[in-house]
Amino acid sequence: MEPGLSHFAQGLRTETAFDVLALAKRLIARGKQVFELQIGDSPFDTPSNAKAAGIAAIKAGDTHYGPSAGVSTFRATIAQTLGAELGISIDAEEVLVANGAKIFETFFCEAFLNPGDGVLVFSPHFPTYPPNIARRGARMVVAPLRAERQFRPDPEDVRRFLANDPSPKAIFLNSPHNPTGGVATSGDIQAIGQMIEEKDIALFSDEPYYQMVWEGAHVSPLQFPKLREQTVACYTFSKSYSMSGWRLGFSIAPRKITQAMAKMANTTTSCAPPFIQAAGDAALRLDQGERDRQMAAFGGKVRLLIQNLQGIPGVEAVVPHGTFYAFPDVRALCTRLGIKSHGLALYLLEAADDSIGLACLGGECFGEAGQGFLRFSCAGSDEVLVNAMSFFREAITRTERIDAFLQERPHFRIGATN
Ligand SMILES: Cc1ncc(COP(=O)(O)O)c(C=O)c1O
């Protein structure tokens, strides 16, 4: 007899970007030309010194277990590099290395949450926050991010959470923000910090896009000494160093918290592969020039995509303050076509044309608050971005195809329940 799955496994909702990625790859294998703007992956190659160091480390036999908290020289390089970038002093003992950034959501929740605890999440939100909170039996409390505030977290939501929640314990912050591109200001973070200082509240500061700010500046809670005592900030090599497939990231937190989270690493992944840490070390020391050129190119791609979205009837697009995502408001278009935003995304991929498709995500893949928006990842050549947007412009005029799609998938009609 097949054993029954846990309630958690049965209810688990995964990151839709990976599901759409798999669908796009299936369509490509069948011969469809797909503009792939669905997943937040870099279109650039891993920088050259990182690649060479990884290969050299494998050849040198650096292919065994390593310390759970990370290789000590790599932790020191991280402390030195990030400390210089943020203008603060970081000790190597405050660094924990692991396999990408996502795993730190799990470690953070395991380190701080007990069943029933309240966790404030600004929404739209990264889709793996809820399952990681649920793993600990804690409760996610949602606060909407508003376009009128450029999708910046509102300290007033924190005040309400602290005042009303029966057991407030943690806050998830993500700036620059996926999917909206919002960037929290120093004033936002300071105001939030003043509310939670001296309280038993842990702050998870998810900062994978800190080198992609197009307007204003990146501010980390680590830059506020008191707030730093209750913050776990996490970073990844996936975005700025185009190393998503290497699976490498790190967190900065006070020593005791880092030691507690290193136990989570010890009891799950054991360690990040040492030869991959060697590649990361080289990236930080030697590839910053290549990284900066790639970041500047990303900024150009974001502006290009937005320019090509502007003027499409029913679409409102503004340049995001950070990240490589465009998050246009398509509420007017969806209302006109009678289709939900993720329905529109799947229509563009599967049904708008027999030989061409555009892969992107509906905002609701990031929580209900994202309904009525699309997320495009600017992860393609400039030519792909321009062609993808002209395909989009054309595809939304093919009303017969839209009607046929909605006949077949009525749950994507506006007003239909899922
Ligand atoms: C906000 C946010 N957090 C975490 C991650 C996960 O990063 P990684 O792939 O390095 O684990 C991503 C990746 O898209 C992200 O956008």
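Residues numbered from 1 in each chain as written. Predicted model: local features only at pLDDT ≥ 70, side-chain atom pairs only at ≥ 80, totals over all residues. Heavy atoms only, no water.

### Focus: the sheet that holds strand β5 (residues 168–174)
To summarise the sheet geometry, strands pair through backbone hydrogen bonds and adopt either a parallel or an antiparallel arrangement.
Thought 1: Pairing in this open sheet of seven strands is mixed, and the strands run β2-β8-β7-β6-β5-β3-β4 from one edge to the other. The open sheet is flanked by β2 (95–98) and β4 (139–144), the only strands paired with a single partner. Between one strand axis and the next, the sheet turns through 20° on average, direction left out of account.
Thought 2: Relative to strand β8 (residues 249–252), strand β7 (residues 231–236) is paired through four bridges, and the arrangement is antiparallel. In the sheet register, Cys234 faces β8, and the bridge partner there is Ser251. (Pairing = 2+ DSSP bridges. Helix = DSSP H or I, 4+ residues; strand = E, 2+ residues; numbered from the N terminus. Axes fitted to C-alpha atoms, helices over the stretch in contact; angles between N-to-C directions.)

### Quick notes on the environment of Ser167
Thought 1: Among the secondary structure elements, Ser167 is positioned in the loop between α7 (155–164) and β5.
Thought 2: For the pair Ser167 and Gly118, spaced 49 residues apart in the sequence, the C-alpha separation amounts to 5.5 Å.
Thought 3: Once residues lying within four places of it in the same chain are set aside, the contact partners of Ser167 are Gly116, Asp117, Gly118 and Arg139. (Contact = heavy atoms within 4.5 Å.)

### Section: the domain arrangement of the protein chain
Thought 1: Once the domains are mapped, the protein chain shows domain 1 (7–45 + 290–398) and domain 2 (48–286).
Thought 2: Here domain 1 packs against domain 2, burying approximately 2,800 Å² in sum over the two surfaces, 59% of which is carbon and sulfur.
Thought 3: Counting the surface domain 1 buries against domain 2, the share from its top three residues, Arg291, His321 and Phe366, is 25%.
Thought 4: Between domain 1 and domain 2 we count three salt bridges in total.
Thought 5: Residue Lys51 is joined to Asp45 by a salt bridge in which the shortest nitrogen-to-oxygen separation is 2.5 Å. (Domains from an automatic or database assignment. Buried area = accessible area lost by both parts, 1.4 Å probe. Salt bridge = Lys/Arg side-chain N within 4 Å of Asp/Glu carboxyl O.)

### A word on helix α14 (residues 341–351)
Thought 1: In terms of burial, α14 is a largely internal element, ten of the eleven residues being buried.
Thought 2: For α14, every residue scored as buried is listed here: Ser341, His342, Gly343, Leu344, Ala345, Leu346, Tyr347, Leu348, Leu349 and Ala351. (Buried < 20%, exposed > 50% of the residue type's maximum accessible area, 1.4 Å probe, protein only.)

### As for the sheet that holds strand β9 (residues 325–326)
Thought 1: Spatial strand order, β9-β12-β11: three strands in an open sheet with antiparallel pairing. If you trace the sheet from one side to the other, it starts and ends with β9 and β11 (361–362), each paired once.
Thought 2: Here β11 pairs with strand β12 (residues 374–377) via two bridges, running antiparallel. Opposite Gly362, over in β12, you have Leu374 as the bridge partner.

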